[in-house]
Amino acid sequence: MKTTIRTEVIGVASGKGGVGKTTLAVNLAIALQMSGQRVMLFDADLGLANSQIAMGCTCPFNLSHFMSGQKTLEEIMVTTRHGVKLIPGASGVSELAALSRTQASRVVQSFSALEGEIDYLIVDMAAGISPSVLAFMEACQRRFIIVRDDPSSIADAYGMIKVLIQEYNLDEIYIVPNAVKSQSDGQNLFRRINQVCAQFLNYTTHYIGSIEDDKLILEGHRKYEPVLSYAPNSVSSRSFIRLAKSVTQIPNISEVSGGMQFFVERLVQQQN
Ligand SMILES: Nc1ncnc2c1ncn2[C@@H]1O[C@H](COP(=O)(O)OP(=O)(O)OP(=O)(O)O)[C@@H](O)[C@H]1O
Ligand SMILES: [Mg+2]
């Protein structure tokens, strides 16, 4: 277990839509929580309530109620039955882009107050490389790019990595192959993409594990249950647990650049 008192912030993104970001964000959050970490999931996908559905919970309020001052951060936050705290973003995510100075300091203060209470903040992004997604990715400490073994998913993942490196100068980029036949197929997919990154971007990404194609994910999803609770022994559930373990084993990045406060400050500052 980590000894840090700072929240570690992990962004989950993909170039192409529908490749499994929400599935990964939700199940990674649950697996980390099950291993004794305190986890918060931030649904930063505009409008759609995908994380809520995948978690099997309903949130009466969202980030926009907090932004407008109607509700506190605690009031919009829902603790799921898995113990994960969920922040529903919805339209509030775009409002983050138009904060006044006073609003900004309230947002930063409210998030910073959670610093000592949350070990991991997982941010589930919208697909693609919109300015809002890139701003969130820049504010995170680590970036997981979800990719499937199909040409357009691979091309779009590469496109996103290229922007993150060349335009944003970011590191801590992990490629996470999803819906692969086996861990070794996932590793091969990672190697193929990473080789292109090394050759054309002069940059190497990291590997932290893959998630297998598992029909129990969709079966659980239809019953509003994440696979980890719907089928805890399924091949994907076991991979999510392994992934969570690997996440806790990555060495801490500099304390200075970490934490909830830093994440929100960066987010808010970039937008102003
Ligand atoms: N490893 C997997 N095996 C089988 N099905 C999967 C797997 N991962 C995700 N799926 C299914 O793929 C679909 C898309 O997944 P998900 O909603 O997580 O993608 P997303 O990247 O968040 O999509 P969006 O871009 O719309 O936010 C869902 O129906 C989900 O159940
Ligand atoms: Mg999603």
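Source: prediction; values computed, not measured. (Residues numbered from 1 in each chain as written. Chains lettered and ligands numbered in written order. Predicted model: local features only at pLDDT ≥ 70, side-chain atom pairs only at ≥ 80, totals over all residues. Heavy atoms only, no water.)

Draft legend 1. Just the layout of surface pockets, in detail. A volume near 510 Å³ is recorded for the largest pocket. Residue lining of the largest pocket: 26 residues in total, with Gly20, Thr23, Arg148, Ile217 and His221 positioned closest to the centre. Elements supplying a minimum of two residues to the lining of the largest pocket: helix 1 (21-34), helix 2 (50-55) and helix 10 (215-222). Tallying contributions element by element places helix 1 first for the lining of the largest pocket, with five residues. (1 Å grid on protein atoms, 1.4 Å probe; cavity = no way out; pocket = protein on both sides within 12 Å on 5 of 7 lines; lining within 4 Å. Points joined across faces, edges and corners; volume = space filled by probe spheres on them. Helix = DSSP H or I, 4+ residues; strand = E, 2+ residues; numbered from the N terminus.)

Draft legend 2. Just the pattern of salt bridges, in detail. The tally for this structure, following the rule as stated, stands at five salt bridges. Between arginine 142 and glutamate 172 there is a salt bridge, with its nearest N and O atoms 2.8 Å apart. In this pair, arginine 142 is assigned in strand 6 (residues 142-147) and glutamate 172 in the loop between helix 8 (151-166) and strand 7 (173-177), connecting sequence segments 30 residues apart. Looking at arginine 142, the relative accessible area reads 1%, which means it is buried. The exposure class assigned to glutamate 172 is buried, which follows from its relative accessible area of 17%. (Salt bridge = Lys/Arg side-chain N within 4 Å of Asp/Glu carboxyl O. Buried < 20%, exposed > 50% of the residue type's maximum accessible area, 1.4 Å probe, protein only.)

Draft legend 3. Quick peek at the site of ligand 1. What surrounds ligand 1 is a group of 18 residues, the closest being Gly18, Lys21, Thr22, Thr23 and Asn178. In the environment of ligand 1, an oxygen atom lies 2.6 Å from a nitrogen or oxygen atom belonging to the side chain of threonine 23. Contact distances for ligand 1 include 3.0 Å between a nitrogen atom and a backbone N or O atom of aspartate 214. For ligand 1, the protein covers 80% of the area, taking 630 Å² as the surface of the free molecule. With respect to the detected pockets, ligand 1 is housed in the largest pocket. Put simply, the parts of the chain that give the shell around ligand 1 at least two residues each are helix 1 and helix 10. At three residues, helix 1 tops the list of elements feeding residues into the shell around ligand 1. Its residues assigned to classes, the shell around ligand 1 shows six nonpolar, six polar and six charged. (Near = heavy atom within 4 Å. Polar contact = N/O pair within 3.5 Å; in protein donor to acceptor, adjacent residues only side chain to side chain. Areas by Shrake-Rupley, 256 points an atom, 1.4 Å probe, with all protein chains shown as cover. Sits in = over half its atoms within 2 Å of the grid points. Nonpolar A, V, L, I, M, F, W, Y, C, P; charged D, E, K, R; others polar.)

Draft legend 4. Local environment of the packing of aromatic side chains. A complete count under the given rule lists six aromatic pairs for this structure. Summarising the aromatic geometry, the rings of phenylalanine 42 and phenylalanine 111 are spaced 6.2 Å apart at their centres and angled 20° between planes, so their arrangement reads as stacked. Of the two residues, phenylalanine 42 sits in strand 2 (residues 39-44) while phenylalanine 111 sits in helix 6 (residues 101-112), which places them 69 residues apart along the sequence. For the pair formed by phenylalanine 42 and phenylalanine 111, the shared burial category is buried. Where phenylalanine 190 meets tyrosine 207, the ring centres are 5.0 Å apart and the plane angle is 40°; that geometry is what we call tilted. Taken together, the positions of phenylalanine 190 in helix 9 (residues 183-201) and tyrosine 207 in strand 8 (residues 206-207) put the pair 17 residues apart, joining distant regions of the chain. Judged by its relative accessible area of 10%, phenylalanine 190 falls in the buried class. By relative accessible area, which is 24% here, tyrosine 207 ends up partly exposed. Three or more aromatic residues link up through ring pairs in this structure, and these residues are Phe42, Phe66, Phe111, Phe136 and Phe263. (Phe/Tyr/Trp six-rings, centres within 6.5 Å; stacked < 30°, edge-to-face > 60°.)

Draft legend 5. Fine view of the sheet that holds strand 5 (residues 120-125). Across the sheet, which stays open at both edges, the eight strands sit in the order 3-4-2-5-1-6-7-8 with mixed pairing between neighbours. The outermost strands of the open sheet, each flanked by one partner alone, are strand 3 (78-79) and strand 8. Where strand 3 meets strand 4 (residues 85-88), two bridges bridge the pair, whose relative direction is antiparallel. Across the sheet, valine 78 pairs through a bridge with leucine 86, a residue of strand 4. Packed onto the sheet, helix 1 meets strand 1 (8-13), strand 2, strand 5, strand 6 and strand 7 and runs at close to 170° relative to strand 5. (Pairing = 2+ DSSP bridges. Contact = heavy atoms within 4.5 Å. Axes fitted to C-alpha atoms, helices over the stretch in contact; angles between N-to-C directions.)

Draft legend 6. Geometry of the nonpolar core. In terms of nonpolar packing, the biggest core is built from 55 residues, with Phe42, Leu63, Phe111, Val123, Phe136 and Phe263 touching the most fellow members. At seven residues, the largest contribution of residues to this core is made by helix 8. Residues contacting phenylalanine 263, with those up to four places away along its chain left out, are Val9, Phe42, Leu121, Val123, Phe136, Ala139 and Cys140. Membership of the second largest hydrophobic core comes to 37 residues, among which are Ile10, Leu28, Ile30 and Ile146. (Core = buried A, V, L, I, M, F, W, Y, C linked by side-chain atoms within 4.5 Å.)

Draft legend 7. Just the side chain of serine 234, in detail. By secondary structure assignment, the location of serine 234 is in the loop between helix 11 (227-230) and helix 12 (235-249). Given a relative accessible area of 7%, serine 234 falls into the buried group. In terms of polar contacts, serine 234 uses its side chain to reach the backbone carbonyl oxygen of alanine 231, at 2.9 Å. Once you skip the residues sitting within four places of it in the chain, serine 234 turns out to touch Asp214, Leu216 and Val227.

Just distances and angles here, no functional claims.
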